[in-house]
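Remarks on the overall topology
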Amino acid sequence: MQSSDNARLFKSPLWYYIRNNPRAFSLGMLFLLLTNSLDGIYPLVMGKALDQITAQVPMNDIAKTCLIFFIVMLSLAGTRMAWRSFFGKYHTYAQEHLRQKIFNHITSLGPNFFHKNQVGELMSLLTNDVQSFRQAIGPGVLILADGLILIAILLPIMISLNFSWTWKTLIFLPAVPFLIMKVMKLIHVNYKTQQDRFSELTGVAQETVGGIRVIKSFAQEGNRTALFNGVSSAFEKACNKVAKVDALFMPVMEFGVTSGSVILLFVAKDDLYSGAVTIGTFFAFHRYIQKMVWPMTALGLGFSYFQKGTASFERIKEVLQTETDIPDNGTIEITKFETLEFKNVSYKHKSSTVYVLKDVSFTLRAGESLGIMGPVGAGKTTLLHLLTRLYPLEEGQILVNGHRIEDITQESLRKTFLLVPQEAFLFSESISENISFGLEGRASADIIEKMTETVDLNREIQSLPHQFESQLGERGVNLSGGQKQRLTIARGLIMRTPVLILDDSLSAVDTRTEKAIEAELAKSASGFSRIIVAHRLSSLKTVDKLLILRDGEVEAQGTYQQVLGVSPTFQKIVQIQGQEPTHE
Ligand SMILES: Nc1ncnc2c1ncn2[C@@H]1O[C@H](COP(=O)(O)OP(=O)(O)OP(=O)(O)O)[C@@H](O)[C@H]1O
Ligand SMILES: [Mg+2]
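Residues numbered from 1 in each chain as written. Chains lettered and ligands numbered in written order. Predicted model: local features only at pLDDT ≥ 70, side-chain atom pairs only at ≥ 80, totals over all residues.

1. Concerning the site of ligand 1
Around ligand 1 sit 15 residues in total, of which His349, Gly377, Lys380, Thr381 and Thr382 are the nearest. Of the residues assigned to the shell around ligand 1, the class counts are 3 nonpolar, 10 polar and 2 charged. (Near = placed C-beta within 6 Å. Nonpolar A, V, L, I, M, F, W, Y, C, P; charged D, E, K, R; others polar.)

2. Some words on the sheet that holds strand 1 (residues 339-348)
The strand order 2-1-4-5 describes an open sheet built from 4 strands, whose pairing is antiparallel. Across the chains shown, the open sheet's two edge strands, defined by having one partner strand only, are strand 2 (355-365) and strand 5 (403-404). Where strand 1 and strand 4 (residues 395-400) come together, 5 bridges link them in antiparallel fashion. Paired with Glu341 across the two strands is Leu399, which belongs to strand 4. (Pairing = 2+ DSSP bridges. Helix = DSSP H or I, 4+ residues; strand = E, 2+ residues; numbered from the N terminus.)

3. With respect to the domain arrangement of the protein chain
The domains assigned to the protein chain are domain 1 (2-162 + 277-321) and domain 2 (339-424 + 496-577). Spacing between the C-alpha centres of domain 1 and domain 2 amounts to 60 Å. (Domains from an automatic or database assignment.)

4. Notes on helix 16 (residues 445-454)
Three or more residues of helix 16 are buried, namely Ile448, Met451, Thr452 and Thr454. The buried side chains of helix 16 occupy one side of the element, clustering within an arc of 155° when seen end-on. Residues Ala445 and Asp446 are exposed on helix 16 and point more than 90 degrees away from its buried face. Once helix 16 ends, the next one or two residues include Asp456, with phi positive near 55°. (Buried ≥ 20, exposed ≤ 12 C-beta atoms within 10 Å, placed from the backbone. Arc of directions from axis to C-beta.)

Structure (structure tokens):
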């Protein structure tokens, strides 16, 4: 369904959006045609009035012509408003539809895609590229149609007034669209540089504000200011360059009118002296020369919008055509978790040739808890990402209740295994909204309180000005690293999934609090399984089994004593941390 819709979009984006909103598009076009027709008529009426005045016809006749002129101008205002409003509906709809399409698509892609595409590039796709696509299929199409319709209306009128004047005065006009296209190309190139300079400027400003503590600690204010001043001056230069090429636009446009007007004066003088042509016709003709400049400019502008929009659409298409490396094709639902088995799992990242996991095998049964330890970079997080299908599994098998994880629906898999990631990421919402993040609605106050008690955070939240309704993030309160971690654990716990996975989530929590959390987790998680990655032995006091990873390989697995007997890595950890966890 989605792919056939995309195929239609890729085949002809313009036609796709016209078909999505035919009423607004065709009414817009109809009113544009009416506007242009009225616009074409009014100089004729004005010319007639002038001739009536010079011929000294009765006042009544002049008044009639004036009334017609008034009605034409009033209708013109109405039709102009109507086409803008209908046409606007059509292209703003297209813009938002496409933006939502891209956004929905990129959220369906795996972390590998986000690793390859920087945030800035994706933001630019969702803003600049979508905007220039809208400009092509909206204003671009419109001004092209406007230009062509106007030429079709104005040219016959001019020819009917005087054929020889027409070709002589318009001879230089066809140069205008080409010159406009050249100027627009120059403007785009320079505008792009201006935008790049502006992103640099905001980047430096943002990083300086965000990293102000680091900057002050290293006494780098002076250097940062110099850096900011440098990018700010570069932006100023880029703005001036845009203004310079922008200034070319009007003279190029006026070149057509000026040349036409001068030629008209020359070619019309004899006809005027001889009285073969009235002053009214001369006036009307001069207005038509002026009016022809816009359609010529419109052709140049319209084509240039098209060029820019096409380039943007190519970038958008490339992202929309990117397929997820983790397709959700499974059909099996896990109703009751029984076992998890890793069978000879190996993994290397796409960008690398080195295996970060090598032949990893282990089993976890319902109700058991597993602790994973290993040096920095041993592959612990990678292992968890493979299990929760954030990375694609390529070698080996991961089985849940005997089913391959690829055959299980992603929703069911993630409702069975909930990963609390290593980086504590919270949203700029209230504390209770953050805790209820994974639920359909907001959890009850009782449950939220219970969860925060479990992670030993209740007392601290109660002391905040708005307690659970306190906003987090830029415009709200700032939590400490440990508080954030505990909040993310509460956000995971509330889901009550059969297996809760904590990836180093207890690292920024002090030992006393860690003990309290551990005790509570052991209590509240009875019947549930846990996988806990930790660097501190104290975090793994209550686990049933340990898995020691080293350079992506399983060095040892089993109970505390079994592992201690065979794993040099674990022996070293015990030796350095100088304590033996009392196994409870
Ligand atoms: N996207 C990636 N592309 C290439 N290599 C990566 C990528 N992500 C991680 N790695 C590498 O994979 C290896 C394992 O990383 P992983 O994050 O699994 O380690 P870890 O055991 O969780 O370490 P830590 O204890 O620091 O959290 C590291 O050498 C890391 O540099
Ligand atoms: Mg890690």
